[in-house]
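What follows is each chain in one-letter form.
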Amino acid sequence: MDQAEGLRNVVKMQNRQDGKSARVITITSGKGGVGKSNLAVNLAVAFSNMGKRVIIFDADFGLANVEVMFGTVPKYNLSDMIYGGKSIEDIITAGPLGIGFISGGSGILGLNNLSVEQVHFLVSSLHKLEQLCDVLIVDTGAGISAQVLDFVLASPEVLLVSTPEPSSITDSYSLMKATFKNSEFIKEETKVHLVANKVTSETEGKAVYDKLNSVVHRFLGGEISYLGMIPQDHSLEKAVRTQQIVSLDSPMAKSSRAFSHLAAKLMDVEEDEPQIHGFGITRFFDSFLHRA
Ligand SMILES: Nc1ncnc2c1ncn2[C@@H]1O[C@H](COP(=O)(O)OP(=O)(O)OP(=O)(O)O)[C@@H](O)[C@H]1O
Ligand SMILES: [Mg+2]
């Protein structure tokens, strides 16, 4: 029995014991610096305002994005749990509004090389995590590394962030190409939604989507959907500079209103398609480990 098979058996067992699972939303981009971490944190605030328990998983190894925005350095990360005997509760840092935060640290890199005992411990910890939140937001790094791709392929819902810059649109296309052409990509199991960031109007946001979706459709035979846009906003830049979160600091700023609008749209999807909610964190990581 290999590691992945062992893990799948444990996942099956645990899924039978308890039907409740959290929603997993992965945020990614082709190009760096397009606004993923801001989207992660501000969506978390909006979901939290809607009464959801949210945990952000910073899967961008090497760049401590979310912790800088939260202004709290986590004491432990995923490695400390897998290799250092810490519990899942130990590695969750509480941020504003009780939003939880987990840093992947170097733990992500070792996920494909665990002993059977470590896999069992990881799965039971993830099962606990499933009970601790309603939504897990995964902030990945940018680009088309194998690791980002593994997260994308394992996710039921992917938010692809792109700006109107031509280089951002072409890099988004490259990431979609790597995704859609991957032999393990199952289009019924991974929905990609575009979020256009740093736009000057609704029209410009929709144009980013139309450009990208037309090439995805034409050359990859696939489809992405449009979630919406976030305007270029001076208040957001100012919030980042002063280590604030724009939707907490300036809830009426145009970007803050856009974030809550996107969050509401995502929750509408949940009502229309309840199976999205049933995917779960354990299955997400199982799927990730299986690929990694
Ligand atoms: N809507 C916006 N309006 C104005 N500035 C923005 C907006 N979104 C992002 N920015 C700017 O872009 C910078 C990068 O944003 P962010 O850190 O969220 O990107 P990222 O995609 O997570 O980057 P990385 O790939 O490095 O992780 C921010 O510091 C902010 O100044
Ligand atoms: Mg980031």
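What comes next is a walk through the structure.

Rules used in this analysis
Residues numbered from 1 in each chain as written. Chains lettered and ligands numbered in written order. Predicted model: local features only at pLDDT ≥ 70, side-chain atom pairs only at ≥ 80, totals over all residues. Heavy atoms only, no water. Buried < 20%, exposed > 50% of the residue type's maximum accessible area, 1.4 Å probe, protein only. Helix = DSSP H or I, 4+ residues; strand = E, 2+ residues; numbered from the N terminus. Axes fitted to C-alpha atoms, helices over the stretch in contact; angles between N-to-C directions. Left-handed = near helix turned anticlockwise from the far one by under 90°. Contact = heavy atoms within 4.5 Å. Nonpolar A, V, L, I, M, F, W, Y, C, P; charged D, E, K, R; others polar. Near = heavy atom within 4 Å. Polar contact = N/O pair within 3.5 Å; in protein donor to acceptor, adjacent residues only side chain to side chain. Areas by Shrake-Rupley, 256 points an atom, 1.4 Å probe, with all protein chains shown as cover. Phe/Tyr/Trp six-rings, centres within 6.5 Å; stacked < 30°, edge-to-face > 60°.

Here we look at helix H6 (residues 146-154)
Reasoning step 1: Counting buried positions over the nine residues of H6 gives seven, a clear majority of the element.
Reasoning step 2: Within H6, burial applies to Val 148, Leu 149, Asp 150, Phe 151, Val 152, Leu 153 and Ala 154.

Structural notes on the packing of helix H7 (residues 166-180) against helix H8 (residues 202-220)
Two numbers describe a pair of packed helices, the interaxial angle and the distance between the axes.
Reasoning step 1: Their axes nearest at 10 Å, the elements H7 and H8 cross at an angle of 35 degrees. Crossing handedness for the pair H7 and H8: right-handed. Residue-level contacts link Ile 169, Ser 172, Tyr 173, Met 176, Lys 177 and Phe 180 of H7 to Val 208, Lys 211, Leu 212, Val 215, Val 216, Phe 219 and Leu 220 of H8.
Reasoning step 2: Looking at the contact of H7 with H8 residue by residue, the class counts come to 10 nonpolar, one polar and two charged.

As for the site of ligand 1
Reasoning step 1: Inspection of the region around ligand 1 gives 18 residues, with Lys 36, Ser 37, Asn 38, Asn 197 and Asp 233 positioned closest.
Reasoning step 2: In the model, an oxygen atom of ligand 1 is placed 2.9 Å from a nitrogen or oxygen of the Ser 37 main chain.
Reasoning step 3: Asp 233 places a main-chain nitrogen or oxygen 2.9 Å from a nitrogen atom of ligand 1.
Reasoning step 4: Expressed as a share of its isolated accessible area of 630 Å², the protein-covered part of ligand 1 is 82%.
Reasoning step 5: Going through the elements one at a time, helix H2 (36-49), strand S7 (191-199), strand S8 (225-231) and helix H9 (234-241) are the ones with two or more residues in the shell around ligand 1.
Reasoning step 6: Here the shell around ligand 1 is built from residues that sort into five nonpolar, eight polar and five charged.

Side note on the packing of aromatic side chains
Reasoning step 1: Summed over all chains, the structure comprises five aromatic pairs.
Reasoning step 2: With a centroid separation of 5.9 Å and 80 degrees between ring planes, the pair formed by Phe 70 and Phe 101 is classed as edge-to-face. Taken together, the positions of Phe 70 in helix H3 (residues 65-70) and Phe 101 in strand S4 (residues 100-103) put the pair 31 residues apart, joining distant regions of the chain. Accessibility assignment for this pair places Phe 70 and Phe 101 in one class, buried.
Reasoning step 3: Through pairs of rings, three or more aromatic residues link up here, namely Phe 57, Phe 151 and Phe 284.

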